[in-house]
Amino acid sequence: METILLIIITAVSTKGALDAWFEGSLFATARAYTEAWKYSDSTFVSLIGELFTCRFCLGYHVAFYLATICCYSISDFSMLPLIALSARVVESELEKIIRRFDEPRNTGDQDAV
């Protein structure tokens, strides 16, 4: 039961962190810098830029670090990768569900083009 609770907490925390980074105005300047890093001549800097501008890629890192923080209280650290990956899947599915409800609906009343 504790593991399921940790997965849910980590998933919701991951979603919040990713939403704050990708959609928050607080991080707009930092996002602009990292988007510029993608086009750097340095391979390391361009990889960091790719990581910080890809929600899919960054989600795995955020989930892992948050799972590490959440799992600090349990003695079995072998569960850490499982909790991080499970939380990432839950966060990804939650994002898909929310995006589906945010999309405009086609009611069929529109004029044919």
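Refer to the structure printed above.
Residues numbered from 1 in each chain as written. Predicted model: local features only at pLDDT ≥ 70, side-chain atom pairs only at ≥ 80, totals over all residues. Heavy atoms only, no water.

Along the polypeptide, Leu-47 turns up in helix H3 (residues 43-53). A relative accessible area of 54% means that Leu-47 is categorised as exposed. On a C-alpha basis, the gap between Leu-47 and Trp-37 in space is 8.2 Å, while along the polypeptide they are 10 residues apart. (Helix = DSSP H or I, 4+ residues; strand = E, 2+ residues; numbered from the N terminus. Buried < 20%, exposed > 50% of the residue type's maximum accessible area, 1.4 Å probe, protein only.)

With their axes 9 Å apart at the nearest point, helix H1 (residues 2-23) and helix H4 (residues 55-70) run at an angle of 135 degrees to one another. Considering their axes alone, H1 and H4 lie oblique with respect to each other. Once H1 is placed against H4, the crossing between them reads as right-handed. Side by side, H1 and H4 meet where Leu-6, Ile-9, Thr-10, Ser-13, Thr-14, Lys-15, Ala-17, Leu-18, Asp-19, Trp-21, Phe-22 and Glu-23 of the first sit next to Arg-55, Leu-58, Gly-59, Val-62, Ala-63, Leu-66, Ala-67 and Cys-70 of the second. (Axes fitted to C-alpha atoms, helices over the stretch in contact; angles between N-to-C directions. Parallel < 35°, antiparallel > 145°, perpendicular 65-115°, else oblique. Left-handed = near helix turned anticlockwise from the far one by under 90°. Contact = heavy atoms within 4.5 Å.)

We now examine helix H5 (residues 80-102). For H5, spanning 23 residues, the distance from its first C-alpha to its last is 33 Å, which sits close to the expected 33 Å at 1.5 Å a residue. Buried residues of H5: Leu-80, Ile-83, Ala-84, Ala-87, Arg-88, Glu-91 and Glu-95, and no others. Those residues of H5 hidden inside the fold are in contact with H1 and H4. (Expected span 1.5 Å × (residues − 1).)

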